[in-house]
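# Tertiary structure, described
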Amino acid sequence: MKIILSRVFNAPFMLILLAVLVKIPLLFTGNIQEDSFITWRVARNLVKYGVIGFNGDERISASTTHLYVFVTAFFQLIFGRNFIDPLLVFSGILFAVGSWWMAKILFPDEVMKRGFFVLLLNITPPALTASFLGMEYGILFFLYNGLIYFGLYKNKKWAYFLFPVLLLWTRMDAVIFLGIFFLADFYLKRKINFIYILGGVIGVATVVGFNYLYFGEIVNHTITAKKIAYKNLMQNNSIEFLLYQWAYYGGLIKKYGLFSFLLFVAFLVFLSYVVFKIIKNKKAGTLTSKVILVSVLVFALAKITVFSLFKAYFDWYYWIPRVFLFVVILYYFLSVNTWKKKIVLLGISIVFVGLYVFQMLQSCTVGYMEERQRMSIAADINKDKVGIGKSILLEPAGIIPFYTGLYTYDEVGLVNARINDEMLKDEEYWWMNSVVKFHPDYILTIAKKPGDINSFYKMKPENRADFNRDYKLLKTYPIARIHDNAPSVLKWIYQIRPIGKDYFLYKKRSEKP
């Protein structure tokens, strides 16, 4: 067995292939991050209409990532409607390559440790989600590690220019990473890296310039829309809740509360011990590898802290930071730990396989729900043979608009700025005002019906009769029925952590009663 593993681990192609293959089962869970479909529809809009937008010839930066839009458009040109699986596999390959680069830095001459590092890192929950849930994070991890490997480790001048540009075209918040690693590079080289600065300046200038010239705005519209829509979303601004949120997004347990917070703090205490032992150990690693490890840790904690405090509510923002936390932990157990090596390797392998199973089950619960709810809603709408000529008002703007092709108004305004205009005019009744003004052919509401007590979909008393006259309730999609009909294992998980809400689909009456 050791001989076989040694041959596989010593061959980069085989090791990367194995790291991708262990993630392939995630494809069969049906779990794809909802916001991926927004980027994919923007890419399809580019292919079909030649416009970066969401609704035909309307220009709007509805995706947070420009580079991933172009990559997805390329895959759609090649594979057509069957682009999703090839794109996800491509993302998984890029992530695996990125992990191999990191392993080359940390274990330059230790083949077995390098191989176990790559495999174990790729089966952690954040690595699985970053690789195969459809977002841009496989590319982002590839670029992060490309800059670290070819820049800080190999000192290739071209890397200091190319990777900052590509990173900023992938996500503008990559400036956090670039800033931290600029300081790391300065510490190692003891001089200012002007090529690095030039790459960052060119990256920012080209993205901002493109946004202004093409969309008429400086930052992506998604940022503007969220700022408007989420202004009053979280009413609890207490220190206690912010700390709980910090622990929620920094850890793997998706529960707000004291237990999750204490567990995350305990993890950070252990992490501090790990970093101390890594730095003090003179036999393991070089100065460069230790600086890189400390830098990825600083980046991870900085992004988790900044994004959680700024109320960035979406879990995918934290996938890569969590991966880097696992990088530090794995390095410690594989290289610094002085306990019995074989027992420790067996122990962490069992733990990581357990985490792998945990993520697979979690993805199965999400995939099962999506298949029987939002995918089902899209299928029901498609019975009317709809397209861009018909419209819908809903949230979120992912699966259903992608599969129906409907002209879309979303409740955040990510894909249609007209919604944000209505929010600015009337914070309380913008939803009903949008219905009156835009007359969408379909309306989808979550959790409650329009006009219900404590409903998000507020309307004045005089609007209720008009709404009932113009729209009929086509179908209800209760989440309880999905949970009750789920296989026993998934039903048990739903009981522990209920996910999903009821949906109500309305259709505009062809003839008013």
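Residues numbered from 1 in each chain as written. Predicted model: local features only at pLDDT ≥ 70, side-chain atom pairs only at ≥ 80, totals over all residues. Heavy atoms only, no water.

### Some remarks on unusual backbone geometry
In plain terms, the rule: Helix and strand assignments come from DSSP, with helices taken as H or I runs of at least 4 residues and strands as E runs of at least 2, each series counted from the N terminus.
With an omega of 0°, the peptide bond between Glu 395 and Pro 396 qualifies as cis. Examined against the element boundaries, Pro 396 turns out to sit in the loop between β1 (391-394) and α19 (399-404). At His 439, a residue that is not glycine, the phi angle is positive and equals roughly 50°. Tracing the sequence through the fold places His 439 in the loop between α21 (430-438) and β3 (442-446).

### Quick word on helix α10 (residues 175-189)
The criterion, for reference: In this analysis, the expected span of each helix is defined as 1.5 Å times one less than the number of residues it contains. Burial classes follow relative accessibility: with a 1.4 Å probe on protein chains only, a residue under 20% of its type's maximum area counts as buried, one over 50% as exposed, and anything between as partly exposed. Starting at the helix axis, one direction is taken to each C-beta atom, and the arc is that of these directions. Any pair of residues with heavy atoms lying within 4.5 Å of one another is described as a contacting pair.
Between its first and last C-alpha, α10 extends 20 Å over 15 residues, near the 21 Å set by a 1.5 Å rise per residue. For α10, the complete set of buried residues consists of Phe 177, Leu 178, Ile 180, Phe 181, Ala 184, Asp 185 and Leu 188. Seen from one end, α10 has its buried residues packed into an arc of 165°, which puts them on one side. Elements that come into contact with the buried residues of α10 comprise α8 (137-153), α9 (157-170), α11 (194-215), α15 (287-309) and α16 (319-336).

### A word on the pairing of strand β5 (residues 503-508)
Here is the key point about a regular strand: its side chains alternate between the two faces of the sheet. Applicable threshold: Strand pairing follows a simple DSSP-based rule, namely that at least 2 bridges must link the two strands.
By the bridge criterion, 5 bridges tie β3 to β5 in an arrangement that is antiparallel. Residue pairing across strands places Leu 444 opposite Leu 505, the latter belonging to β5. Of the pairings in the sheet, the one linking strand β4 (residues 471-477) to β5 comprises 6 bridges and is antiparallel in character. Looking at β5, one finds that Tyr 471 is bridged to Lys 508.

### Quick notes on the pairing of β1
Which entries qualify depends on this criterion: The definition of a right-handed crossover adopted here requires that, viewed with the strands pointing away, the path from the first strand over the helix to the second runs clockwise.
Both faces of β1 are covered, namely the face carrying Ser 391 and Leu 393 and the face carrying Ile 392 and Leu 394. As judged from the 4 bridges shared by β1 and strand β2 (residues 407-410), these two strands associate in the parallel manner. When the bridges of β2 are listed, Ile 392 appears paired with Thr 408. Crossover connection from β1 via α19 to parallel β2: handedness right-handed. Pairing of β1 with β3 involves 2 bridges; the strand directions are parallel. Note that in β3 the partner of Ile 392 across the bridge is Tyr 442.

### So, helix α13 (residues 239-250)
Taking 1.5 Å per residue as the helical rise, α13 with its 12 residues ought to reach 16 Å, and the 16 Å between its terminal C-alpha atoms agrees with that figure. Counting buried positions along α13 gives 9 out of 12 residues, so the element sits mostly inside the fold. Buried within α13 are the following residues: Phe 241, Leu 242, Tyr 244, Gln 245, Trp 246, Ala 247, Tyr 248, Tyr 249 and Gly 250. Lining the buried residues of α13 we find α14 (258-280), α15 and α16.

### Comments concerning the packing of α8 against α15
Condition: Note on method: axes are straight lines fitted to C-alpha atoms, helices fitted across the in-contact stretch only, with angles between N-to-C directions ranging 0 to 180 degrees. Angle categories are assigned with fixed cut-offs, so that under 35 degrees is roughly parallel, over 145 is roughly antiparallel, 65 to 115 is roughly perpendicular, and the rest are oblique. What makes a crossing left-handed is the near helix being turned counterclockwise from the far one by less than a right angle; a clockwise turn instead makes it right-handed. For this classification, Asp, Glu, Lys and Arg are treated as charged, while Ala, Val, Leu, Ile, Met, Phe, Trp, Tyr, Cys and Pro are nonpolar and the rest, including Gly, are polar.
Running from N to C, α8 and α15 cross one another at 150°; their axes reach a closest spacing of 12 Å. By the angle class used here, α8 and α15 are roughly antiparallel. For the crossing formed where α8 meets α15, the hand is right-handed. Packed against α8, whose contacting residues are Tyr 144, Ile 148, Leu 152 and Tyr 153, the element α15 presents Thr 288, Ile 292, Val 296 and Phe 299 at the interface. Across the contact of α8 with α15, the residue classes break down as 7 nonpolar, 1 polar and no charged.

### Quick look at the pattern of salt bridges
Cut-off, in case you're wondering: Think of a salt bridge as a Lys or Arg side-chain nitrogen and an Asp or Glu carboxyl oxygen that are within 4 Å of each other.
Considering all chains together, one arrives at 17 salt bridges under this definition. Taken together, the shared-partner salt bridges connect Glu 136, Arg 171, Asp 173 and Lys 303 into one network.

### Observations regarding the environment of Lys 448
Summarising the element assignment, Lys 448 is placed in the loop between β3 and α22 (461-470). Lys 448 sits 336 residues away from Met 112 along the chain, and the two C-alpha atoms are 55 Å apart. Those residues in contact with Lys 448 that lie beyond four places of it in its chain are Ile 453, Asn 454, Ser 455, Tyr 457 and Phe 504.

### A look at the sheet that holds β2
With mixed pairing, 5 strands are arranged side by side in an open sheet as β2-β1-β3-β5-β4. Unpaired on one side and paired on the other, β2 and β4 mark the two borders of the sheet. In this sheet, adjacent strand axes meet at a mean angle of 20° when their direction is disregarded. Packed onto the sheet, α21 meets β1, β2, β3 and β4 and runs at close to 170° relative to β3.

### Considering the packing of α9 against α10
Between α9 and α10, the shortest axis-to-axis distance is 10 Å and the interhelical angle comes to 160°. Between α9 and α10, the interaxial angle falls into the category roughly antiparallel. Seen along the crossing, α9 lies across α10 with a hand that is right-handed. The residues of α10 that touch α9, namely those facing Tyr 160, Pro 164, Leu 167 and Leu 168, are Val 175, Phe 177, Leu 178, Asp 185 and Lys 189. Among the residues making up the contact of α9 with α10, the classes are represented as 7 nonpolar, no polar and 2 charged.

### Some words on the side chain of Lys 303
Note on placement: Lys 303 falls in helix α15. A residue is classified by how much of its surface remains accessible, and Lys 303, at 1% relative accessible area, is buried. The contacts of Lys 303, once residues within four sequence positions are left out, are Asp 173, Ser 308, Tyr 317, Tyr 318 and Pro 321.

### Quick notes on the packing of aromatic side chains
Heads up, the condition is: Between 30 and 60 degrees the pair is tilted, below 30 it is stacked and above 60 it is edge-to-face, where a pair is any two Phe, Tyr or Trp rings, Trp via its six-membered ring, whose centres lie within 6.5 Å. Definition used: whenever NZ (Lys) or CZ (Arg) falls within 6 Å of the ring centre and also within 35 degrees of the ring normal, the charge is taken to sit over that ring.
Taken as a whole, this structure holds 62 aromatic pairs when the rule is applied. Ring plane angle 40° and centroid distance 5.9 Å describe the contact between Trp 158 and Phe 163, whose orientation is recorded as tilted. On the accessibility criterion, Trp 158 (44% relative accessible area) is partly exposed. For Phe 163, a relative accessible area of 5% puts it in the buried group. Ring centres of Trp 246 and Phe 261 lie 6.4 Å apart, and the angle between their planes is 55°; this geometry places the pair in the tilted category. With Trp 246 in helix α13 and Phe 261 in helix α14, this residue pair connects regions lying 15 residues apart in the sequence. Taken together, the ring pairs connect Tyr 230, Tyr 248, Tyr 249, Phe 307, Phe 314, Trp 316, Tyr 317 and Tyr 318 into an aromatic cluster. If you follow Arg 44 out to its NZ or CZ, it ends over the ring of Phe 402, 4.5 Å from the centre.

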